[in-house]
Amino acid sequence: MTRNINTLLWLLFAVLAARLGLTAILPLADTTEPRYAEIARIMAETGDWITPWFDYDVPFWGKPPLSFWTQALSFKLLGVSEFAGRLPSWLANVVIVYLVFTLRRYLHPERNSEAAKSAGLWAALIYATTALGFLTAGTVMTDSFLALGSTLVLTSLVIRLQGGPIVWGWLFFIGLAIGLLAKGPLILVLTGLPVFLWVATTRRWLTLWQQLPWLRGLLLMMVVAAPWYVLAELKTPGFLDYFIVGEHFKRFLVSSWQGDLYGNAHEFTRGTIWLYLLAASFPWGLIAVAAFGVSRWRRQPAQQEWLSLEKGVGGLILASALSPAIFFTLSGNILWTYVLPGLPFLAVLASSLWPKELCGRMPASSLAAVLMIPMLGIAAAGWLSLHPEQLKTERDLVAQVEQLPGMSADNLFYLGKAPFSARFYSRGEAHAVEQTTVIDRLESSNLEKPMALAVEKGNKAMLRRLEGVTTPIAENRRFQLFLLTPSATTNANSFQDKSKNGGIDYNASNDHPLS
């Protein structure tokens with residue numbers, strides 16, 4: 001048994017270490033990672049820890065600040081880099097892995113035995129090597145912290161029901177506070193739904209009340225989370241209306257919702273979230289379904305015991321695993337990351353379907369399943385690191401401009417809209433400029449300083465016009481870069497009034513957050 005535990009432990013360490021290493025290899029590719037990284041970079045630069053800023057003059061109301069706090073702090077301590085931006089998500093994932101291990105151990109009849117530790121390590125390893133679990137373990141996004149909060153909440157409740165110490169009762173409410181500061185009231189739905197389903201079917205209302213310090217715990221939750229909401233509304237009035245009503249109701253119920261100030265709504269067929277769950281849990285979701293079906297068909301009793309000290313604990317874990325998919329079933333505006341909070345509990349359920357492997361030598365098939373996603377991730381990252389031009393990133397283009405004699409990122413202009421990765425890698429110095437403005441300056445020879453102009457490859461008309469003036473000096477997957485120099489007789493007053501808002505017209509409608 002000790003040998004098996006050591007094998008599982010080393011495998012888990014290897015997977016986590018590999019994912020940590022990958023965080024430093026790849027550049028940030030548009031749009032999610034550099035968008036959130038740029039918000040955190042601005043927070044670190046300005047020292048404004050209350051309001052996340054989408055740009056220097058545009059507040060970001062789409063998410064609470066917990067992930068930005070951690071990323072900005074990481075930038076402060078380690079410098080602005082891909083590794084520093086992704087490190088907080090990796091650390092959050094490590095905590096989730098530990099919670100999965102602890103939860104599975106508490107479900108074992110002998111929680112302090114080597115068999116219980118082996119079961120816990122299996123569950124942790126399964127979660128760490130799911131497709132979405134491995135991907136989000138080192139990605140600049142907010143979902144890792146939402147998953148951390150929901151996992152802490154539901155794990156704490158199950159452990160209390162399994163006879164765990166009272167500290168887990170307090171951690172239940174700390175988890176709610178983390179979720180509120182990571183992604184808002186959604187945490188109340190994703191954790192409240194499975195708890196309600198469990199207590200409604202088992203009639204354990206009194207047990208639920210007794211196992212948690214409800215009054216003091218809710219007070220603790222409010223003390224931790226509420227002050228930021230108050231300060232955010234006071235600093236930028238209108239935040240609560242946009243975030244609570246828009247982001248938590250209209251976003252999911254109105255597929256054509258046009259109120260998203262920071263992105264585009266996603267329209268998918270209702271029920272698509274279940275396909276996302278299958279993809280996110282790969283390969284373990286398919287393996288678990290197959291193993292469960294085979295055991296039922298052969299009528300094999302479960303050999304790995306699962307001791308529930310309270311009625312319906314297994315159902316509570318199942319509800320915790322499926323609640324994100326259930327909640328988003330009727331929503332058309334979804335992403336596959338929405339199922340992430342359920343994966344830790346799917347891993348706990350799946351770990352109980354390999355009873356013989358938990359107590360003996362790991363078969364080659366199980367080792368292959370464990371290594372599948374990490375090896376694919378390492379191979380893909382290695383290839384992309386050698387071919388960064390295949391990514392939608394402006395890292396190299398920004399670096400090329402900064403290497404030009406007498407130029408810096410402040411000389412870099414993007415026609416129409418600056419990508420988030422350009423803004424991040426230029427430390428907010430890359431600009432956006434309208435096409436008509438460039439044409440006017442070219443025709444009047446009114447350039448104040450050298451301009452490195454990036455034009456999308458699809459803009460054939462502008463490319464032809466520029467090629468009549470000069471030749472491109474560089475290009476990447478999306479843009480061609482032209483160097484435009486001022487005439488000797490230019491007058492001052494050209495681009496100092498250009499937009500630094502990424503080319504987005506925030507005054508285009510009355511829905512502007514500052515209107």
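To be clear, the structure that these remarks concern was listed above.
Residues numbered from 1 in each chain as written. Predicted model: local features only at pLDDT ≥ 70, side-chain atom pairs only at ≥ 80, totals over all residues. Heavy atoms only, no water.

A.B. asks: I would appreciate a short explanation of the pattern of salt bridges in the present structure.
C.D. replies: Once their charged atoms are close, side chains differing in charge can pair, the charge on each being opposite to the other. In this structure the tally under the stated criterion is 14 salt bridges. Two residues, D55 and R423, come together in a salt bridge whose shortest N-O distance is 3.8 Å. Taken together, the positions of D55 in strand 1 (residues 53–55) and R423 in helix 20 (residues 420–425) put the pair 368 residues apart, joining distant regions of the chain. By the burial criterion, D55 is buried, and R423 matches it. Of the charged contacts, one joins K457 and E475 as a salt bridge, the two residues approaching to 2.8 Å between their closest N and O atoms. (Salt bridge = Lys/Arg side-chain N within 4 Å of Asp/Glu carboxyl O. Helix = DSSP H or I, 4+ residues; strand = E, 2+ residues; numbered from the N terminus. Buried < 20%, exposed > 50% of the residue type's maximum accessible area, 1.4 Å probe, protein only.)

A.B. asks: Hey, could you run me through the packing of aromatic side chains in this one?
C.D. replies: Centre distance and the angle of the planes are the two values used to describe a pair of aromatic rings. Summed over the entire model, instances satisfying the criterion amount to 23 aromatic pairs. Residues F327 and F328 carry aromatic rings whose centres are separated by 4.9 Å and whose planes lie at 75° to one another, so their mutual orientation is edge-to-face. A relative accessible area of 32% places F327 in the partly exposed class. Members of the aromatic cluster, joined through ring pairs, are Y36, F54, F60, F68 and F420. Above the plane of the ring of F54 lies R423, whose end atom (NZ or CZ) is 5.6 Å from the centre. (Phe/Tyr/Trp six-rings, centres within 6.5 Å; stacked < 30°, edge-to-face > 60°. Lys NZ or Arg CZ within 6 Å of the ring centre and 35° of its normal.)

A.B. asks: Hey, could you run me through the pairing of strand 3 (residues 412–415) in this one?
C.D. replies: Put simply, side chains in a regular strand alternate between the two faces of the sheet. Burial along strand 3 is two-sided: the residues L412 and Y414 and F413 and L415 are all buried. The handedness of the strand 3 to strand 4 (residues 431–433) crossover, carried by helix 20, is right-handed. (Right-handed = clockwise from strand over helix to strand, strands pointing away.)

A.B. asks: What am I meant to see in the packing of helix 1 (residues 2–22) against helix 4 (residues 82–106) here?
C.D. replies: How two helices pack is summed up by the angle between their axes together with the distance between the axes. One way to put it is that helix 1 packs onto helix 4 with a least axis distance of 9 Å and a crossing angle of 160°. When the axes of helix 1 and helix 4 are compared, the pair comes out roughly antiparallel. In this structure, helix 1 meets helix 4 at a crossing whose hand is right-handed. Listed contacts from helix 4 to L12, L16, R19, L20 and L22 of helix 1 are F83, R86, L87, W90, N93 and V97. Tallied by class, the residues present in the contact of helix 1 with helix 4 amount to eight nonpolar, one polar and two charged. (Axes fitted to C-alpha atoms, helices over the stretch in contact; angles between N-to-C directions. Parallel < 35°, antiparallel > 145°, perpendicular 65-115°, else oblique. Left-handed = near helix turned anticlockwise from the far one by under 90°. Contact = heavy atoms within 4.5 Å. Nonpolar A, V, L, I, M, F, W, Y, C, P; charged D, E, K, R; others polar.)

A.B. asks: Even after reading the chapter, I still don't get the pairing of strand 6 (residues 472–475), so can you show me in this structure?
C.D. replies: Pairing of strand 6 with strand 7 (residues 479–484) involves three bridges; the strand directions are antiparallel. Its bridge partner lying in strand 7, A474 is registered against L481. Between strand 6 and strand 7, which pair antiparallel one after the other, the connecting turn spans three residues. (Pairing = 2+ DSSP bridges.)

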